[in-house]
Amino acid sequence: ASKRPTRGPFKWFNSTLDAGTTLLAGLVKRTIRVAIVALVLFVGLVYLALQGFGALPTGFVPQEDEGYCIVNIQLPEGASLGRTNEVMFRASKGIETIDGVRGAVGIGGYSFLDNASSPNKAGFIVTFTDWGDRSTAALHQASIVRQINGLLSQIQESVAVSFAPPSLPGVGMAGGFALQLQDRGSAGAATLSRMAMEFMADGNAQDGLERMFSGFRANTPQLFVDIDREQVRDRNVELGDVFSTLQANMGSAYVNDFLESGRIYQVRTQALAEYRNDPRDVLQLEVASRDGAMIPLSTFADVKEVFGPQLVTHFNIYPSAKINGSASTGTTSGQAMEKIEAMARDKLSTQMGLEWTDLSYQEKKATGGMAVIFLFSIVLVYLVLAFQYESWALPLSVCFAVPGALMGAVAAVMVRQLDNNLYTQVGIVLLIGLSTKTAILIVEYAKVERDAGKSIADAAVAATRMRFRAVLMTAFSFILGVIPLLVASGAGGESQQAIGTTVFGGMLVATLIGVIFVPVLYFIIQRVAEKLGGAQSGNTEA
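Residues numbered from 1 in each chain as written. Predicted model: local features only at pLDDT ≥ 70, side-chain atom pairs only at ≥ 80, totals over all residues. Heavy atoms only, no water.

1. Brief notes about the environment of Ser158
Within the secondary structure layout, Ser158 lies in the loop between α4 (141-152) and β4 (159-163). Residue classification places Ser158 among the buried positions, given a relative accessible area of 11%. Between the C-alpha atoms of Ser158 and Glu198, which are 40 residues apart in sequence, the distance is 18 Å. If near-sequence neighbours (up to four positions away) are discounted, Ser158 is found in contact with Ile73, Gln74, Leu75 and Val87. (Helix = DSSP H or I, 4+ residues; strand = E, 2+ residues; numbered from the N terminus. Buried < 20%, exposed > 50% of the residue type's maximum accessible area, 1.4 Å probe, protein only. Contact = heavy atoms within 4.5 Å.)

2. Let's talk about the side chain of Gln497
Positionally, Gln497 belongs in helix α17 (residues 493-533). Only 3.4 Å separates the side chain of Gln497 from the side chain of Arg416, close enough to count as a polar contact. (Polar contact = N/O pair within 3.5 Å; in protein donor to acceptor, adjacent residues only side chain to side chain.)

3. What to know about the pattern of salt bridges
Side chains that differ in sign of charge can pair as their charged atoms come close. Considering all chains together, one arrives at 16 salt bridges under this definition. Linking Arg280 and Asp278 is a salt bridge whose minimum nitrogen-to-oxygen distance equals 3.0 Å. A relative accessible area of 29% places Asp278 in the partly exposed class. Through salt bridges with shared partners, one network takes in Glu86, Arg90 and Glu157. (Salt bridge = Lys/Arg side-chain N within 4 Å of Asp/Glu carboxyl O.)

4. Brief notes about the nonpolar core
Formed by 35 residues in total, the largest nonpolar core has its most connected members in Ile32, Val443, Phe468, Val518, Tyr522 and Phe523. Among the elements of the structure, α1 (8-33), α2 (35-55), α11 (370-389), α12 (393-399), α14 (422-451), α15 (456-481) and α17 are those that each provide at least two residues to this core. In terms of residue count, α15 provides more of this core than any other element does, 8 residues in total. Setting aside chain neighbours within four positions, we find Val443 in contact with Leu394, Ser397, Val398, Val518 and Tyr522. The next biggest cluster of nonpolar side chains, apart from the first, holds 22 residues, and it includes Leu181, Met195, Met212 and Ile323. (Core = buried A, V, L, I, M, F, W, Y, C linked by side-chain atoms within 4.5 Å.)

5. Examining the packing of helix α5 (residues 189-204) against helix α9 (residues 333-347)
It is the contact of α5 with α9, at a shortest axis distance of 11 Å, that shows an interaxial angle of 130°. One element, α5, and the other, α9, form an angle in the oblique class. Seen along the crossing, α5 lies across α9 with a hand that is right-handed. For the pair α5 and α9, contact is made by Met195, Phe199, Asp202 and Gly203 and by Ile340, Met343, Ala344 and Lys347, respectively. (Axes fitted to C-alpha atoms, helices over the stretch in contact; angles between N-to-C directions. Parallel < 35°, antiparallel > 145°, perpendicular 65-115°, else oblique. Left-handed = near helix turned anticlockwise from the far one by under 90°.)

6. Some details on the confidence of the model for the chain
Scored by pLDDT, the chain has a mean of 86; 96% of the residues are at 70 or more. Between the elements of the chain, mean pLDDT differs from a low of 80, seen in α1, to a high of 92, seen in strand β9 (residues 263-269). Per-residue pLDDT stays below 50 along residues 535-542; that stretch engages in 13 contacts with residues further than four places along the chain or on separate chains. (pLDDT = per-residue confidence, 0-100.)

7. Details of the packing of aromatic side chains
Applying the stated criterion to the full structure yields 5 aromatic pairs. Here the aromatic rings of Phe42 and Phe400 are separated by 5.5 Å at their centres, their planes lie at 70°, and the arrangement is edge-to-face. Remark: Phe400 occurs in the loop between α12 and α13 (402-415) and Phe42 occurs in helix α2; sequence separation between them is 358 residues. Using a relative accessible area of 6% as the deciding quantity, one classes Phe42 as buried. Pairing Phe42 with Phe517 gives two aromatic rings, centres 5.9 Å apart and planes at 45°, and the pair type is tilted. One end of the pair, Phe42, is in helix α2; the other, Phe517, is in helix α17, and 475 residues separate them in sequence. For the pair shown, Phe42 and Phe517 are each scored as buried. Taken together, the ring pairs connect Phe42, Phe400 and Phe517 into an aromatic cluster. (Phe/Tyr/Trp six-rings, centres within 6.5 Å; stacked < 30°, edge-to-face > 60°.)

8. Remarks on α9
With 15 residues, α9 should reach 21 Å at 1.5 Å per residue; the first-to-last C-alpha distance of 21 Å fits that figure. Three or more residues of α9 are buried, namely Gly334, Ala336, Met337, Ile340, Glu341, Met343 and Ala344. On the buried face of α9, the contacting elements are β5 (177-183), α5, β6 (209-213), β14 (318-327), β15 (352-356) and α10 (358-366). (Expected span 1.5 Å × (residues − 1).)

9. Quick word on α11
Three- or four-residue spacings in an α-helix give side chains the same orientation, since the helix completes a turn every 3.6 residues. Here α11 is 20 residues long and its end C-alpha atoms lie 29 Å apart, about the 28 Å a rise of 1.5 Å per residue gives. Within α11, burial applies to Met370, Phe374, Ser377, Val381, Leu385, Ala386 and Tyr389. Angularly, the buried residues of α11 cover 165° about the axis, an arc narrow enough to put them on a single face. Residues Val372, Leu375, Phe376, Leu383 and Phe387 are exposed on α11 and point more than 90 degrees away from its buried face. Residues of α11 that are buried make contact with α2, α12 and α14. One or two positions beyond α11, positive phi appears at Glu390, with a value near 55°. (Arc of directions from axis to C-beta.)

Here it is as structure tokens:
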């Protein structure tokens, strides 16, 4: 049976592709004649690709729309829990009026950022409506968080701030950056608190940094029980009994358990509220001496009103104050961290130090390792192909397709104003395999034609002509397949856009440039290899 002729769109497609193949073959043939110029252009392409990749703003992972955010409220030190709850309820009612917010659940007396209980702190989680109902930019997580912070700034009684959660669950409580300001010179809690306030004020005044916040304060009203230890010894009293008495009455002390109705209950002692409302009540407590006499605490102790930190934290041994913050719109996390480190060098004294924590620590640890991974990936491809073709020259022609892919990836990331994050780097590693696979389609047939007796130039042109359709079909099937990643939205949309943009731009440029440069590079490298190896071609080279 005779083959049915193609008609309609298929005939138009085939004729267009045939014309393009003829045009490309002629272009490759003319480019081979000026191979030195093409080589110079290729070197320039490699330089631009590397420079562009180095110029990309750095990041770690994109800030995803997680469907909720965290609000932290802190009143002045010494504020009561009732006052804190009143501010929290007022803030939550205002937040619930913002478009895209479903509701808010709060906890008075607890800070999510500090992971600590205190009567002047509160935190709540604000949940958003479903991602499908928030398709516009005004209803995106970043926009809602900005609106919430604008509303919280109107509450004069407290310092309140809203943070998006981290994109990697379990690595901290808030997105953005997190650092620990350390007191490495034993300057004291008051100095640490003052330096933290100054550091945050300077940071919030800079472009690119915003919402820097720390829950550390050193001015909480406290009662200090000053015990004269020599008097304790002279009164024949155990110092441990003094502390136990204070603990059991002012705080609480565990006694034992008892069984009631099939359940186990704990017995704890504590003085009634009316006996621990006044600082003078502490001095009325009595402690037993070694000979059984009851000695009032007033005989060897005094109560003073002082100021100090509500919570003392240590990071890598040193007393520290944790500071959270965010990068402004248009600033990546890597750029924000560079600004913070520059501030630390200029403003912090020798007694103070800075360490990154949470997601920022992971980002800092991951910096600088991708160059080794890229190089290892290319070397691995080269070694596999060298083993397959038993040649050092042919794999070079294939591996030189990677700079075109890198150029396309960098251009696409720049156009969409994204950053060089983990997903971008994963996409580039993927491009190394995809671009070399496309180049193999041409180089392998060029080798077959050369082995058949054609000149190097004719082999390169013939391979281009024979494999152009296969290259386009293979490349564009992948390019069109990643378009959903390119335009992704909703949960995980930022990460999908990062990797989709990288591989889309990389494969598009690698295909358009590769169909010209790969045959020309094969011609140059094969010619050099044969001259170095002393091989003689049976045909004159065109």
